[in-house]
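Reading the structure
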Amino acid sequence: MVFRWDDFELDEEAGELRRAGLRVEIQPKPFALLRLLLAAHPRMVPIDALMQALWPATVVTPASLNRAVTSARRAIGDTGRGTRIASVAR
């Protein structure tokens with residue numbers, strides 16, 4: 001499946017994130033995070049569900065998720081403190 005928004009495309013099959021047709025470098029976890037969030041849009045995805053999906057059977061700290069979110073935001077130019085990827089307090 002290919003998700004499209006603004007001038008971005010996330011191509012699941014090719015494993016690529018593109019902006020205006022050009023490939024954007026992104027690490028596997030931030031890519032997987034974007035894929036999960038796009039597939040769930042417009043619903044919110046709880047932290048526990050993200051952690052389980054991104055790191056199944058692995059114990060990681062919330063800092064790992066924070067790094068993945070920061071990298072994903074950077075990859076899509078979300079410099080407006082969560083304009084495109086919003087974090088919502090419980």
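All of the points below concern the structure found in this document.

The rules we used
Residues numbered from 1 in each chain as written. Predicted model: local features only at pLDDT ≥ 70, side-chain atom pairs only at ≥ 80, totals over all residues. Heavy atoms only, no water. Helix = DSSP H or I, 4+ residues; strand = E, 2+ residues; numbered from the N terminus. Buried < 20%, exposed > 50% of the residue type's maximum accessible area, 1.4 Å probe, protein only. Polar contact = N/O pair within 3.5 Å; in protein donor to acceptor, adjacent residues only side chain to side chain. Contact = heavy atoms within 4.5 Å. Phe/Tyr/Trp six-rings, centres within 6.5 Å; stacked < 30°, edge-to-face > 60°. Pairing = 2+ DSSP bridges. Salt bridge = Lys/Arg side-chain N within 4 Å of Asp/Glu carboxyl O.

Here we look at the side chain of Asp 11
For Asp 11, the location among the structural elements is in strand 2 (residues 8-11). Looking at Asp 11, the relative accessible area reads 13%, which means it is buried. Looking at Asp 11, its side chain comes within polar contact range of the side chain of Arg 18, at 3.3 Å. What Asp 11 contacts, discounting residues up to four positions off in sequence, is Met 1, Val 2, Glu 16, Arg 18 and Phe 31.

Re the packing of aromatic side chains
Taken as a whole and assessed by the stated rule, the structure comprises 1 aromatic pair. Centroid distance Trp 5 to Phe 8: 5.3 Å. Interplanar angle 15°. Geometry classified as stacked. Of the two residues, Trp 5 and Phe 8, neither departs from the other in class, the shared state being buried.

Thoughts on the pairing of strand 2
Relative to strand 2, strand 1 (residues 2-5) runs antiparallel, the two being bridged by 4 bridges. Looking across to strand 2, one finds that Val 2 is bridged to Asp 11. Linking strand 1 back to strand 2 in an antiparallel pair, the connection comprises 2 residues, with Asp 6 at a positive phi of about 45°. As judged from the 4 bridges shared by strand 2 and strand 3 (residues 16-19), these two strands associate in the antiparallel manner. When the sheet's bridge partners are listed, Asp 11 is paired in strand 3 with Glu 16. Linking strand 2 back to strand 3 in an antiparallel pair, the connection comprises 4 residues, with Gly 15 at a positive phi of about 70°.

Topic: the pattern of salt bridges
Scanning the entire structure with this criterion turns up 10 salt bridges. Among the salt bridges present, the one from Arg 35 reaches Glu 12, with a minimum N-O distance of 4.0 Å. With Arg 35 in helix 1 (residues 28-40) and Glu 12 in the loop between strand 2 and strand 3, this residue pair connects regions lying 23 residues apart in the sequence. The class of Arg 35 is partly exposed, set by a relative accessible area of 30%. Here Glu 12 falls in the partly exposed class, since its relative accessible area comes to 31%. With a shortest N-O distance of 3.3 Å, Arg 23 and Glu 16 are connected by a salt bridge. Several salt bridges share partner residues, and in doing so they unite Arg 4, Glu 9, Asp 11, Glu 16, Arg 18, Arg 23 and Glu 25 into one network.

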